[in-house]
Amino acid sequence: VLPTLGAMCLLAALAVVGLLMRIDLGVLLAGVVWPLVLVAGLLLAILLLGMAIGWPLFFPTISTEGTDAFDALSRAYAYVYQRPLQLVFYVIVASVLGAIGALAVDLAVAAITHFGHLGIAWGAGQSRAAELFGQLASDSTTGSIGQRLIGFWLGAVEVLRVGFRFAFFWIAVTGIYLLLRRDVDATELDEVFLDTPGGTFNLPPLAKDAAGVAGLPEGEANASAENDSA
């Protein structure tokens, strides 16, 4: 929404200049400030092109970094414009892998439905199976309800096709974001924000005893022993 609002503000400013240009004096004034119009056009191109390409990166940024929308905008735009070739390469690789996965899912769904129909046709007969799985509605109410239930379950299996595509898209986008972040910010792939309930738990500071052996302080050790016994 934020890039769209920024683009709308720039377009509104350009529209004001356009209104002034309805008269000759306005055309003269527009000629004077035309460099500002070009700057507004450049900003619009940056905003809209970056949003069109980088909008999928907004969501993994917030989930990975645990930050707000402004950080998501800045990172997405920075990664798109600083590493365009890497982004194109990652998108191509992800598209190839996604196409292979989608083909595998499509074949699996087709096999499930085909062999299910094949087994039913052996028992019910080819003509009856063609009637049940075809577009012809059953004459009886019971048969019609049964056909709708069968259609519902077949549709549930077909949802796997669409579900895989959505799931792979967001997984691939998250992977592309992590790779771009590593390329730009030199951040490791496993450095992510963990929303741990109750905060994080770290080891207490260690203290050395008379022999120079590091360990828990006496108070911390007693508390740890009490917790273990509890």
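See the structure printed just above.
Reference entry: report on the structure contained in this document. (Residues numbered from 1 in each chain as written. Predicted model: local features only at pLDDT ≥ 70, side-chain atom pairs only at ≥ 80, totals over all residues. Heavy atoms only, no water.)

1. Topic: the layout of surface pockets
- Of the volumes computed, that of the largest pocket is approximately 330 Å³.
- What lines the largest pocket is a set of 18 residues, and nearest its centre among them are Val91, Phe169, Ala172, Val173 and Ile176.
- Elements with a contribution of two residues or more to the lining of the largest pocket: helix 3 (34-54), helix 6 (84-124) and helix 8 (141-185).
- No other element matches the seven residues that helix 8 contributes to the lining of the largest pocket.
- Here the lining of the largest pocket is built from residues that sort into 15 nonpolar, two polar and one charged. (1 Å grid on protein atoms, 1.4 Å probe; cavity = no way out; pocket = protein on both sides within 12 Å on 5 of 7 lines; lining within 4 Å. Points joined across faces, edges and corners; volume = space filled by probe spheres on them. Helix = DSSP H or I, 4+ residues; strand = E, 2+ residues; numbered from the N terminus. Nonpolar A, V, L, I, M, F, W, Y, C, P; charged D, E, K, R; others polar.)

2. Looking at the packing of aromatic side chains
- Tallied over the entire structure, the rule returns nine aromatic pairs.
- An angle of 85° between the planes, with centres 5.4 Å apart, marks the rings of Phe59 and Trp170 as edge-to-face. Separated by 111 residues along the polypeptide, Phe59 in helix 4 (residues 58-65) and Trp170 in helix 8 bring together distant segments of the chain.
- When its relative accessible area of 31% is taken as the criterion, Trp170 is described as partly exposed.
- Taken together, a centroid distance of 6.4 Å and an interplanar angle of 25° make the contact between Tyr77 and Tyr81 stacked. With Tyr77 and Tyr81 both in helix 5 (residues 69-82) and four residues apart, this pair spans about one turn of that helix.
- Members of the aromatic cluster, joined through ring pairs, are Trp55, Phe59, Phe169 and Trp170. (Phe/Tyr/Trp six-rings, centres within 6.5 Å; stacked < 30°, edge-to-face > 60°. Buried < 20%, exposed > 50% of the residue type's maximum accessible area, 1.4 Å probe, protein only.)

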